[in-house]
Amino acid sequence: MSDDNKSKTPDALLAALRRIVGVATEPRVTRDDVNQAMIRHWCDAMEDHNPVYTDPAFAAESVHGGIVAPPAMLDTWSMPGLAPRPRQESSSGEEAGMVPVLNQLDAAGFTSVVAAGMSHEYHRYLKPGDRLTISQVITSVSDEKQTALGVGHFFTTESNFADQQGNSVGRMEFSILKFKPGTGTVNMDASALEGLEKMPRPRPAISRDTKFFWDGVDQGELRIQKCNSCDGLHHPPVVRCPGCGSYELGYLVSQGRGTVYSFVEVHHPQFPMFDYPLVGVLVELEEGTRIISNLVGVKPEDVETGMPVELAIEATDPGLSLPLFRRARPARRESTLLFADLEPGQELPPCPVAISRTLIVAGAMASRDFQDVHHDPDLAKKRGSPDTFMNIMTTSGLTNRYVTDWAGPEVIFRKLSLRLGVPNFPGDTLTYTGQVQSTALRDGKGVVELLVTGTNKLGDHVTATVELELPTP
Amino acid sequence: MSMSFAGQTAVVGIGATEFSKNSGRSTLRLAVECCEAAIADAGLLPEQIDGMVGFTVEENHEIDVARSLGIKELTHFSRIHHSGGAACGTLHQAAMAVHTGACKYALVYRAFNERSETRFGAGVQGLDNAPTPIMVDFGWCLPFGLLTPASWVAMFATRYMHQYGATSEDFGRISVADRRHAATNPEAFFYQQAITLEDHQASRWIVKPLHLLDCCQESDGGQALLVTTLERARDLPNEPVVIASAAQGSADDQQMMKSYYRDDITGIPEMGLCARQLWNDTGLGPDDMQAAIIYDHFTPLVLPQLEEFGFCAVGEAKDFIKDGNLELGGRLPMNTNGGQLGEAYIHGMNGVAEAVRLVRGTSVNQVPDVSNVLVTGGTAVPTSAAILSRAG
């Protein structure tokens, strides 16, 4: 901590903040009922295809008896939207809740904000038509802390959600850091973001015979040369079909699915335009040809011959798109696991998530989070971040998706608790892994606890514990 | 395919510069020095040389080398493609030329400063992306960071390991054997520097699964050979080393260093094609070879070469090696000069010269009773191979 008294948070401010601790806000009714449109936006953004959220027929036959909202949306229903921060006060008119804390810290120069963690408890799944009431209380405000991001204060809130009958449907603890931009111990300018600003990769030389391939890549397609006469596939392209002699050569658009046929891990020599260790891979495409590429978002030690991969056409630097591959997203389980299927130590299959700008923005909008750091790169830089980054609710949604895709559509979430580490910046790949921590029968219910981790190339982005209820015979 | 010049031509002279990390002189100077030595070894004079055969990638033109050497008239000159794959292809070309009478004495050479000037292993870079065929071909790998021969060869190695259960130790045994042979060869880079399998395993990664000690050292140096007809050879001072056969091979769906699209990528069918020609031309077989010079720029591709020539069954080279067959005193002493891993990397031409010494009986690691030596050219490219034999 600084010795310079002038830079310290004034005692008066800290005292004012701490007066808000423990004062509950007057219950506020959320702006909208739980509704199918917002659920659909959320599922689109998260690419969550669980039919209990969007397919009325499937949902009616399910354990829920009808459409439900993804549990991780809990706090989305109470978000204020793009409107100015609402007033928050207690029933007796005192300042209460998060809004006055945010306002006072903003005024004192602590203008940047990041979520540090959150914990959801779900008492029941929400259904379209539910109208929630939220009451919030600040539970703690920390002393001034020097963090990697900057000098700031952590504070935590507890929110309680009740339905139209006054019954509790859920509870949330939320932990936030408000900090002064530019006071961090890590250099968060653009050059700190490995891989975003670097020398361009070597350009492919393109001849009139290979132009269709690279044009395709620019248009987001992987094109494989196909003989129009005999349907034979050729890669790299030929000018005359060696199978039948035809010069009539076209192409097919690959579905982008394949397996690792062979791979290498480049260590030496290293060049400034690549990230190391670099995995070079020979992918055998389902269509039947092979292609040289890179495997991204997979630790070199986790690469195996035969591993399923999927195409990820990415701009590696401005003006160059390449057909890269990442670990294939595991197939979504269609019938839910049984409690008896699980035992501690069991691993969940790794699952990649491409962190695109679209995902970051769509996830923020779907969770009604209009913080500029999640959609405006220039303002994100002003607030001390090298780029826009994913909001915590999108991380919750993706974690929700990862676990249900593995466990099946009718698994019930009881708790979802996240701690955030390094941010998710555009262009990276978040890879989830998980493990069953414990299984127990409680009141006849099969309760399973998971530890889930999501890592990107900067390190651990999220560490989550998840409590699930699974069907027992 | 039958080679009508089989057994009718001979290597009569060999000559080399020293092999070093920095020759300190031009590659033209290296080429001229090694050629002069080969001509002298053959007991010839430069003005008797009337044919020259080189590598397409050789930067010194025949006419420049000839001018400095005092070679007067050339009635044959030709170049062979595909880098180290040309090693025995040059013998093949020279043998055909002298046998047909296109020339009487063919000088074969390769010289470069591959260590101090242009290193392949430094990675292909800085070339423009003009759509010449070679650059279009590089377009399939350079953007993905596969810029070096090590990275291209490693792709074959991983698949071979996966399919046949070979391990890094199996590759390492080749390196250990080569370095043991180099340790007693004063001309070798690694003279008196034998290694253990533990050294191999502890050496740093270049491109996994290749350790540093799976990769040859890039070298400066030159190596030349002199080829003429067997009839003329008998009038020269050295015992003729007969080119029993030489062959070139390029196989179906052949690509430069990246023939990754064949049904199976664990074999080297272009080397198999060379093997079939050699065995057909000579009537010899694996059991008739007393030693072999197997192209070893990277250890993993030695294994499928042993299989293509039938020294062992497909997928069993690892056991053949583990059983000590490649050691001095073994079934098939290999790379008695130290190979390219131990002596120097001169695009396989120093290996051809070692095969000549083995037949002459002058190797520093001489194998007893040598009648026939197999020597192979570079792998993962269109390649070549030859059998050099004692004159009957």
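Draft legend 1. Region of interest: the overall build of chain B. Of the regular secondary structure elements, chain B holds 13 helices and eleven strands. Against the globule reference of 21 Å for 392 residues, chain B gives a C-alpha radius of gyration of 19 Å, in line with a compact fold. Its C-alpha atoms put chain B at 55 × 50 × 40 Å along the principal axes. For chain B, buried positions account for 65% of its 392 residues. A sequence separation of at least 24 residues applies to 76% of the contacts in chain B between residues at least 6 apart. Put simply, chain B shows about 13400 Å² of open surface, and 50% of that area lies on carbon and sulfur atoms. Here chain B holds 27 positive side-chain charges and 45 negative ones, and the gap between their average locations is 3 Å.

Draft legend 2. A look at the overall build of chain A. The number of helices and strands found in chain A is nine helices and 19 strands. Relative to its length of 473 residues, chain A is compact, with a C-alpha radius of gyration of 25 Å against a globular reference of 23 Å. C-alpha extents for chain A along the principal axes are approximately 90 × 60 × 40 Å. The burial tally for chain A puts 51% of its 473 residues in the buried class. Sequence separation of 24 or more characterises 68% of the internal contacts of chain A that already satisfy a separation of 6 or more. Per element, the accessible surface of chain A, about 20200 Å² overall, is 50% carbon and sulfur. On chain A, the mean spot of the 44 positive side-chain charges and the mean spot of the 60 negative ones are 3 Å from each other.

Draft legend 3. Here's a closer look at the nonpolar core. In this structure, Leu295(A), Phe325(A), Leu306(B), Phe309(B) and Leu374(B) are the most contacted members of the largest nonpolar core, which totals 106 residues. At eight residues, helix H5 (residues 149-164) of chain B tops the list of elements feeding residues into this core. Ranked by size, the runner-up nonpolar core spans 77 residues in total, among them Cys43(A), Met46(A), Ile138(A) and Leu348(A).

Draft legend 4. Up close: the side chain of Ser396(A). Residues and elements named next belong to chain A. Summarising the element assignment, Ser396 is placed in helix H9 (residues 392-407). Accessibility expressed as a relative area gives 2% for Ser396, which makes it buried. For Ser396, the contacting residues outside a window of four places in its chain are Ala72, Met118, Leu416 and Leu418.

Draft legend 5. Molecular detail of the interface of chain B and chain A. Taken residue by residue, the interface counts 39 residues in chain B and 37 residues in chain A. Interface of chain B and chain A: buried area, both sides summed, is about 3200 Å²; carbon and sulfur atoms make up 68% of it. Ranking the residues of chain B by area buried against chain A places Trp140(B), Phe144(B) and Tyr261(B) at the top, with a combined share of 26%. At the boundary of chain B and chain A, one finds one salt bridge. Notably, a salt bridge pairs Lys208(B) with Glu265(A), separated by 3.8 Å at the nearest N-O pair. Here chain B is connected to chain A by 14 residue pairs in polar contact (both at pLDDT 80 or more). Among the elements of the structure, helix H4 (133-138), H5 and strand S5 (205-208) of chain B are those that each provide at least two residues to the side of chain B that touches chain A. Grouping the constituent residues of the side of chain B that touches chain A by class yields 20 nonpolar, twelve polar and seven charged.

Draft legend 6. Broad picture of the domain arrangement of chain A. All names here are of chain A. Partitioning chain A into domains gives domain 1 (1-34 + 69-186), domain 2 (211-327) and domain 3 (334-473). Placing the centre of domain 2 and that of domain 3 at their C-alpha centroids yields a distance of 29 Å. Across the boundary between the two partners, domain 2 contributes six residues, which contact seven residues of domain 3. It is Gly297, Arg326 and Arg327 in domain 2 that bury the most area against domain 3; as a group they hold 70% of the surface buried on that side. Our enumeration of links across domain 2 and domain 3 arrives at one salt bridge. A salt bridge links Asp275 to Lys457; its shortest N-O distance comes to 3.7 Å. Summed over the shared surface of domain 2 and domain 3, the number is one residue pair in polar contact (both at pLDDT 80 or more). Looking at the side of domain 2 that touches domain 3 residue by residue, the classes come out as one nonpolar, one polar and four charged.

Criteria and thresholds
Per chain, residues are indexed from 1 in the order of the written sequence. As a convention, the first chain written is A and the first ligand written is 1, with the rest following in written order. For this predicted model, a pLDDT threshold of at least 70 governs which residues receive local features, and a threshold of 80 or more governs which side-chain atom pairs are given and counted, while totals over whole chains, interfaces and linings are taken from all residues. Only hydrogens and water are set aside when side-chain values are computed; all heavy atoms of the structure are taken into account. In DSSP terms, a helix is any run of H or I states spanning at least four residues, a strand is any run of E spanning at least two, and both are numbered starting from the N terminus. Note on method: radius of gyration uses C-alpha positions; expected globular size equals 2.2 Å times residues raised to 0.38. For the exposure calls, accessible area comes from a 1.4 Å probe over protein chains only, and a residue counts as buried if that area is under 20% of its type's maximum, exposed if over 50%, partly exposed in between. Note on contacts: a residue pair is in contact if any heavy atoms of the two residues lie within 4.5 Å. Surface accessibility follows the Shrake-Rupley procedure with a 1.4 Å probe radius. Residue values consider only the protein chains on display as shielding. Note on charges: Lys and Arg go in the positive column, Asp and Glu in the negative column, and His and the chain ends are not counted at all. For this purpose, a charge sits on NZ of Lys, CZ of Arg, CG of Asp or CD of Glu. By nonpolar core we mean a set of buried residues, namely Ala, Val, Leu, Ile, Met, Phe, Trp, Tyr and Cys, connected to one another through side-chain atoms within 4.5 Å. Put simply, buried area is how much 1.4 Å-probe accessible surface two parts lose in total, over both of them, once they are put together. Within this document, salt bridges are pairs made up of a side-chain nitrogen of Lys or Arg and a carboxyl oxygen of Asp or Glu, the two lying within 4 Å of each other. What qualifies as a polar contact is a pair of N or O atoms within 3.5 Å, subject to a donor-acceptor requirement within protein and to the restriction that residues adjacent in sequence count only when both atoms come from side chains. Only Asp, Glu, Lys and Arg are considered charged, only Ala, Val, Leu, Ile, Met, Phe, Trp, Tyr, Cys and Pro nonpolar, and every remaining residue, Gly among them, polar. Start and end points for every domain follow an automatic or database-based domain assignment.

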